[in-house]
Amino acid sequence: MRTPQTRVGRLALGTAAALLTAGAVAAPAAASESGSDDKQSKGNHQLSISPTSGPAGTSVTVRATCEPAGGAASEALRQPIHLKRNDNNQWVGTGQIKREGLRTGQSYPIRVTCVNGNQQTGSFTVTATPSGGASAGFGGSQDGGGYATALAVGGGIAVAGAVGYAFTARRRAAGNHYY
């Protein structure tokens, strides 16, 4: 006959395993959803801009998946950004956001016209000049990134660890050291 601690322990172990499995399945799916290369190859003409927001004067990197007929242009840029081909078959260039004449909180479109006539677009949002300490988090992302998935996986691991610790502590207190 099984003791109640064994049933609780098996239930906790099963729950922890289910959470970890769900996180392992969800992480690759979320990563493929947020991958810009997959989106762009399926006809979504998004221009990758990094960072997507910042104060006036911010340096931005623009990535296009088509050969540009000219530079990346926007009223927010100091001057059009010249794009060069990189090893990943993308056209990349770096430029700077204007320091004056832009409104805080406003999003400005950045466009690249391709030699085939298509356009790729993205946007940059002007934010207030930061003050105080550095922000902490998962880091920058070109399209908002998989924060929810990372938090869910991390939370699942933390819950599994807490349940395992509680199970072990209870067994030790009860004097049942056998599995």
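A brief look at the structure comes next.

Each value, and the rule that gives it
Residues numbered from 1 in each chain as written. Predicted model: local features only at pLDDT ≥ 70, side-chain atom pairs only at ≥ 80, totals over all residues. Heavy atoms only, no water. Disulfide = S-S within 2.5 Å. Helix = DSSP H or I, 4+ residues; strand = E, 2+ residues; numbered from the N terminus. Buried < 20%, exposed > 50% of the residue type's maximum accessible area, 1.4 Å probe, protein only. Pairing = 2+ DSSP bridges. Polar contact = N/O pair within 3.5 Å; in protein donor to acceptor, adjacent residues only side chain to side chain. Core = buried A, V, L, I, M, F, W, Y, C linked by side-chain atoms within 4.5 Å. Contact = heavy atoms within 4.5 Å.

### So, the state of the cysteines
And then number 1: Under the counting rule described, the total for this entry stands at one disulfide.
And then number 2: Across the disulfide from Cys 66 sits Cys 114; the S-S distance is 1.8 Å. Since a negative S-S torsion denotes a left-handed disulfide, the Cys 66-Cys 114 link at about -70° is left-handed. Of the two residues, Cys 66 is situated in the loop between β3 (59-64) and β4 (84-85) and Cys 114 in the loop between β6 (107-113) and β7 (119-126); the sequence distance between them amounts to 48 residues.
And then number 3: Of the residues examined, Cys 114 reaches a relative accessible area of 3% and is grouped as buried.

### Re the sheet that holds β7
Paired through their backbone hydrogen bonds, the strands of a sheet run either parallel or antiparallel.
And then number 1: Across the sheet, three strands lie side by side as β2-β7-β6; this open sheet has mixed pairing. Edge positions in the sheet fall to β2 (53-54) and β6, since each has one partner strand and no second.

### Some thoughts on the sheet that holds strand β1 (residues 48-50)
And then number 1: Taken in spatial order, the four strands make up an open sheet running β1-β3-β5-β4, and their pairing is antiparallel. Looking at strand neighbours, the two that pair on one side only are β1 and β4, the edges of this open sheet.
And then number 2: Pairing of β1 with β3 involves three bridges; the strand directions are antiparallel. Bridge assignment links Ser 50 to a residue of β3, and that residue is Thr 61.

### A few points about the side chain of Gln 120
And then number 1: By the element assignment, Gln 120 lies in strand β7.
And then number 2: Exposure remark for Gln 120: the relative accessible area of 2% places this residue in the buried category.
And then number 3: A polar contact of 2.6 Å, which involves the side chain of Gln 120, links it to the side chain of Thr 65.

### Some points on the nonpolar core
And then number 1: Counting 18 residues, the largest nonpolar core has Leu 47, Ile 81, Leu 83, Ile 97 and Ile 110 as the members making the most contacts within it.
And then number 2: Mapped by element, the contributors of at least two residues to this core are β3, β6 and β7.
And then number 3: Once you skip the residues sitting within four places of it in the chain, Ile 81 turns out to touch Val 60, Val 62, Gly 71, Ala 72, Gly 93, Thr 94 and Gly 95.

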